[in-house]
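For reference, the chains in residue letters:
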Amino acid sequence: MVTNAPSRRAPGLQDWSFDPHCPVRDVLDRIGDKWSTLILMTLADGPQRFSAVRRAVPDISKRMLTQTFRDLERDGLITRTVFPTKPPSVEYGLTSVGQTILEPLDALVRWADRYGSAIRGARAAFDEAT
């Protein structure tokens, strides 16, 4: 939710509230979860079957992968295509809206790669001091 109140945020950052009904917060709740981000980045290479995504994200459980697929489909970020084979095969892919999240996610992944060691170092120093 955009506000008109003066902001102390860095220039260029849009003002928004922390209201639970804020649309920005709603979207960040979905994208900010680690499984959604990893799955969306995996699907950036093109449509994939369930087992291929599970191999790409090996520490996710079948149950969590299924739930995350459902949530992303509900949000209109991925599609689920069922092929009439025996047994039926299912493929997941990004929608046009899902494609638009790749650029900001790529920037976040590059940032995490660049600063990950600094963050791990800060954690270690903090843990050592406490």
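Please refer to the structure higher up on the page.
Model, not experiment: these values are computed from the prediction.

K.L.:
Which parts of the structure should I look at to understand the overall build of the protein?
P.N.:
Helix and strand counts for the protein stand at 6 helices and 3 strands. The linear arrangement of helices and strands in the protein, starting from the amino end, is α-α-β-α-α-β-β-α-α. For the protein, with 130 residues in total, the buried portion stands at 26%. Counting contacts in the protein only where the partners sit at least 6 residues apart, residues at least 24 apart contribute 38% of the total. As displayed, the protein offers around 9600 Å² of accessible surface, 56% of which is attributable to carbon and sulfur atoms.

K.L.:
Is there a simple way to explain helix α6 (residues 102–129) in this structure?
P.N.:
Because each turn of an α-helix spans 3.6 residues, side chains separated by three or four positions end up pointing in the same direction. An ideal rise of 1.5 Å per residue puts 40 Å on 28 residues; α6 measures up with 38 Å between its terminal C-alpha atoms. Bending of α6 peaks at approximately 55° at the position of Tyr115. Among all positions of α6, only Leu102, Leu105 and Gly116 are buried. The secondary structure elements touched by the buried residues of α6 are α1 (23–31), α2 (34–43), β3 (89–94) and α5 (96–100).

K.L.:
I would appreciate a short explanation of the sheet that holds β3 in the present structure.
P.N.:
By definition, the strands of a sheet pair up through backbone hydrogen bonds, in either a parallel or an antiparallel sense. Spatially, β1-β3-β2 is the arrangement adopted by the 3 strands of the open sheet, whose pairing is antiparallel. Sheet topology places β1 (48–49) and β2 (78–83) at the edges, where each strand pairs with a single neighbour.

K.L.:
Looking at this structure, how should I read the pairing of β2?
P.N.:
Alignment of β2 against β3, held across 6 bridges, turns out to be antiparallel. Each bridged residue has a counterpart across the sheet, and for Arg80 the counterpart in β3 is Tyr92. The loop that links β2 with its antiparallel partner β3 comprises 5 residues.

K.L.:
Can you walk me through the environment of Arg80 in this structure?
P.N.:
One can find Arg80 in strand β2. Residue contacts for Arg80: discarding those within four places in its chain leaves Glu73, Val90, Glu91 and Tyr92. Only 3.5 Å separates the side chain of Arg80 from the side chain of Tyr92, close enough to count as a polar contact.

K.L.:
Help me understand the nonpolar core in this model?
P.N.:
Across soluble globular proteins, nonpolar side chains show a tendency to be buried alongside one another. Grouped together as the largest cluster of nonpolar side chains are 19 residues, with contacts concentrated most on Ile39, Leu40, Leu43, Phe69 and Ile78. Counting only elements with at least two residues in this core, the list comes to α2, α4 (62–74), β3 and α6. Looking at this core element by element, the count peaks at 4 residues for α2. Excluding anything up to four places from it in sequence, Ile39 contacts Val53, Ile60, Leu65, Thr68, Phe69 and Leu72.

K.L.:
How should I be thinking about the packing of aromatic side chains in this particular structure?
P.N.:
Two numbers describe a pair of aromatic rings. These are the distance of the centres and the angle of the planes. The tally for this structure, following the rule as stated, stands at 3 aromatic pairs. Here Phe69 and Tyr92 contribute two aromatic rings whose centre-to-centre distance is 3.7 Å and whose plane-to-plane angle is 5°, an arrangement assigned as stacked. In this pair, Phe69 is assigned in helix α4 and Tyr92 in strand β3, connecting sequence segments 23 residues apart. The two residues Phe69 and Tyr92 agree in class, both being buried. Through a chain of ring-to-ring contacts, the aromatic side chains of Phe50, Phe69 and Tyr92 assemble into a single cluster. Here the basic side chain of Lys34 rests over the ring of Trp35, its NZ or CZ set 4.5 Å away from the ring centre.

Thresholds applied
Residues numbered from 1 in each chain as written. Predicted model: local features only at pLDDT ≥ 70, side-chain atom pairs only at ≥ 80, totals over all residues. Heavy atoms only, no water. Helix = DSSP H or I, 4+ residues; strand = E, 2+ residues; numbered from the N terminus. Buried < 20%, exposed > 50% of the residue type's maximum accessible area, 1.4 Å probe, protein only. Contact = heavy atoms within 4.5 Å. Areas by Shrake-Rupley, 256 points an atom, 1.4 Å probe, with all protein chains shown as cover. Expected span 1.5 Å × (residues − 1). Bend = angle between axes of the 7 residues up to and from the residue. Pairing = 2+ DSSP bridges. Polar contact = N/O pair within 3.5 Å; in protein donor to acceptor, adjacent residues only side chain to side chain. Core = buried A, V, L, I, M, F, W, Y, C linked by side-chain atoms within 4.5 Å. Phe/Tyr/Trp six-rings, centres within 6.5 Å; stacked < 30°, edge-to-face > 60°. Lys NZ or Arg CZ within 6 Å of the ring centre and 35° of its normal.

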